[in-house]
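Results of the structural survey
Listed here are the chains, written in short residue letters.
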Amino acid sequence: MRMTVKLLGVIVALGLLLVAMPARAHHSFAAAFDENKAINLQGTVTKVELVNPHAWIWIDVKGQDGTVTNWGIEGGPPTNLLRNGITKTSLPIGTEIKLFGYQAKSGEPKGVGVFVEYLDGRKVFMGGSAPGADGNPTPTSK
Amino acid sequence: MSLLRFVEWLGNTSWSIELHESRYVFLLVLMIHVLTLSVFVGTAAMIDLRLLGKTMIRVPVSQVVARLVPWTEIGFVVMVVTGTLLFYAAPLNRYENVFFRVKMGALALAVLNVWWFRRTAYRRVHEWDLDPVPPRRVRLVGALSLILLALIITAGRMMAYQDYWFG
Amino acid sequence: MSLLEFCRWLQYSGPLHAMRQSPIFFPIVATIHLMGLALIGGAVLVVDLRLLGFGVQSQPIAAVAHDAERWLVRGLAVMVTTGILLFMCFATKYYYLTFFWVKMAALVAIILFTWSVHRRVAMAGDADVRPVWRKLVALVSLLLWTTVAVGGRYIGFP
């Protein structure tokens, strides 16, 4: 009976959470990105949210069949993007850009971004949770 | 004006937007909020452990309370001020966040638990002040406090995952 | 095998990879890590506040320190275990983070300090140590713990 009461509290709290989760699980982002689902997107910027704690870049991507999907890609906090050169005015709505990252486990058009690539080839790392988003080589990259 | 409308309006004020988009301030406030839990929850937990008869059992309960509670209170003020700022940075997001609501509910219950304790059982502390292990009613207050504090920490940490799990 | 390669191996090892597939693994471990923070905070403050002249007065410092040490050890056990698991989830990223190494250095320093100088001063008789040394030891302790904590938050930013 050396278990602290705190641990008991954790179990109670987790119990509550786990009960709440299954009902929503199939609608969710599933809490994580899939490192096996790398995504290479190209599209036009619809919104840039340079907010704490995570910035988001939204782009319209035209599929093979002509349908347009709006993708949301998450980055690090503004301080990381600002340091790498992305400001509120760097990506005006309508700018054509490429985004590389990893897709949400749920398969939604969302993901964590590694870098933004301008059409002239310039890359800006998005500094977030994605492997390589800090600009360093990762096990999955060269 | 409904609560939802008020929260939306709040989020559109210039300072809210500036805080939300700030380079350093938000992250600094967040850091202070998270780290100060070591003071607020830390000292509260030590008091609760005394109520449970698990620590400092040779020190009178009233002594533990008198000497530690001022720090719990300072910690609490810092948590509330920083917490309010974090709320203000994105009011609509917090308002709609399920975990935030659970956290606030747990916080309200925790405060209520303390207030009730002070008004009732603690009034008679002299009866069990020197007991290494206080009476059952007092131990329950300590246990409930710890559970609620654990819930507050859990819900607070999980707020980041609302978009992922309830998006 | 270089340190980076070791980190890579850790991050992509079989059992951990399976654990990481679960979307709730990291959040739960991170939450328990914070609970450990509260426990360490309480245990450290009880002793260091007393050394500074605040805190519980009725018992000799040694008795207070002895009591709190149990809880400090438990808090550390929780934080180190969860810390290792968290590290394994993002090992190669942390490898490149200066603040991660600052945190580790400060953690090693505070553990060594707590179980040597700090302990000697705290366990000494109340009349055996000049107050100025007690206060100094408490301040060094609080400074080092704060460095560990702040370093931890810097890791958590991305």
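The coordinates are above.
Reference entry: report on the structure contained in this document. For every chain, the first residue of its written sequence is number 1, and the numbers climb from 1 along that sequence. Chain A is the first chain written and ligand 1 is the first ligand written, with later ones labelled in order. With the structure being a predicted model, the display of local features is reserved for residues of pLDDT at least 70 and the display and counting of side-chain atom pairs for 80 or more, all residues being used for whole-chain, interface and lining totals. Heavy atoms from the whole structure form the basis of all side-chain values; hydrogens and water molecules are not counted.

1. Looking at the interface of chain C and chain B
Put simply, the test is: The contact criterion used throughout is that any non-hydrogen atoms of two residues lie within 4.5 Å. The buried area of a pairing is the accessible area, by a 1.4 Å probe, that goes missing from both parts when the two are put together, added over both. We define a salt bridge as a side-chain nitrogen of Lys or Arg found within 4 Å of a carboxyl oxygen belonging to Asp or Glu. Definition of a polar contact: a pair of N or O atoms within 3.5 Å, with one able to donate and the other able to accept a hydrogen when the atoms are protein atoms, and with sequence-neighbouring residues admitted only if both atoms are side-chain atoms. To qualify as a helix, a DSSP run of H or I must reach at least 4 residues; to qualify as a strand, a run of E must reach at least 2; elements of each kind are numbered from the N terminus. Each residue receives one of three labels: charged for Asp, Glu, Lys and Arg, nonpolar for Ala, Val, Leu, Ile, Met, Phe, Trp, Tyr, Cys and Pro, and polar for the others, Gly being one of them.
Taken together, the contact pairs 31 residues of chain C with 32 residues of chain B. Across the chain C/chain B interface, buried area totals approximately 2,800 Å², and carbon plus sulfur atoms make up 78% of it. Counting the contacts that link chain C with chain B gives zero salt bridges. Taken together, chain C and chain B are joined by six residue pairs in polar contact (both at pLDDT 80 or more). Listing elements by their share of the side of chain C that touches chain B, those giving two or more residues are helix H3 (25-52), helix H4 (61-89) and helix H7 (131-156) of chain C. For the side of chain C that touches chain B, the element with the most residues is H3(C), which contributes 15 residues. Along the lines of polarity and charge, the residues of the side of chain C that touches chain B split into 20 nonpolar, eight polar and three charged.

2. Quick word on the side chain of A:Thr79
Our working rule: Summary of the burial criterion: residues with accessible area below 20% of their type's maximum are buried, those above 50% are exposed, and those between are partly exposed, where the area comes from a 1.4 Å probe applied to protein chains only.
Examined against the element boundaries, A:Thr79 turns out to sit in helix H3 (residues 78-84). Given a relative accessible area of 10%, A:Thr79 falls into the buried group. The contact partners of A:Thr79, leaving out residues within four places of it in the chain, are B:Arg23, B:Tyr24 and B:Leu27.

3. Focus on the environment of B:Tyr122
Residues and elements named next belong to chain B. By the secondary structure assignment, tyrosine 122 is in the loop between helix H6 (98-119) and helix H7 (136-158). With 20 residues separating them along the chain, tyrosine 122 and valine 102 place their C-alpha atoms 28 Å apart. Apart from residues lying up to four places away in sequence, tyrosine 122 is in contact with Ser62, Val65, Phe117 and Trp128.

4. A look at the nonpolar core
To keep things clear, this is the line we draw: Definition used in this section: a nonpolar core is a set of buried Ala, Val, Leu, Ile, Met, Phe, Trp, Tyr and Cys residues joined via side-chain atoms within 4.5 Å.
B:Leu37, B:Phe117 and C:Trp145 are the most contacted members of the largest nonpolar core, which has 80 residues in total. Listed by contribution, the elements that provide at least two residues to this core are helix H3 (25-51), helix H4 (61-89), H6 and H7 of chain B together with H3, H4, helix H6 (98-123) and H7 of chain C. Per-element accounting of this core gives the leading share, 16 residues, to H3(B). Beyond its immediate stretch of four places on either side in the chain, B:Leu37 contacts B:Gly42, B:Met79, B:Ile153, C:Leu34, C:Leu37 and C:Ala38. Within the second largest apolar cluster, 19 residues are counted, among which are A:Leu50, A:Leu81, A:Leu99 and A:Met126.

5. Quick word on a nonpolar patch on the surface
Residues and elements named next belong to chain C. Condition: Patch members must show over 30% relative accessible area and no salt bridge, and they are joined within 9 Å when carrying like charges or within 5 Å when they are nonpolar side chains of Val, Leu, Ile, Met, Phe, Trp or Tyr. The accessible surface values rely on the Shrake-Rupley method and a 1.4 Å probe; as for residues, cover is taken only from the protein chains in view.
A grouping of Met1, Leu3, Phe6, Trp9 and Trp101 is seen on the molecular surface, where their side chains present a nonpolar patch of about 590 Å² in accessible area. When residues of the nonpolar patch are assigned to their parent elements, the largest contribution, three residues, is made by helix H1 (residues 3-11). Within the element layout of this structure, phenylalanine 6 appears in helix H1. Accessibility expressed as a relative area gives 37% for phenylalanine 6, which makes it partly exposed.

6. Section: unusual backbone geometry
Note that the residue after A:Asn52, namely A:Pro53, is joined by a cis bond; omega there is -5 degrees. With respect to the helices, strands and loops of the structure, A:Pro53 is situated in the loop between strand E1 (33-49) and strand E2 (56-62). Backbone geometry at B:Met56 places phi at a positive 45 degrees, although glycine is not the residue there. Residue placement: B:Met56 occurs in the loop between H3 and H4.

7. Thoughts on H6(C)
All names here are of chain C. Stated precisely, the cut-off is as follows: Residue count minus one, scaled by 1.5 Å, sets the expected span of a helix. Two axes define the bend at a residue: one fitted to the seven residues ending there, one fitted to the seven starting there, and the bend is the angle between them.
Over its 26 residues, H6 runs 35 Å from end to end, which matches the ideal 38 Å to within 8%, given 1.5 Å per residue. At threonine 114, H6 is deflected by roughly 45 degrees, the largest bend along its length. Listed in full, the buried residues belonging to H6 are Phe100, Lys103, Ala106, Leu107, Ile110, Phe113, Thr114, His118, Val121 and Ala122. Along its buried surface, H6 packs onto H3, H4, helix H5 (91-95) and H7.

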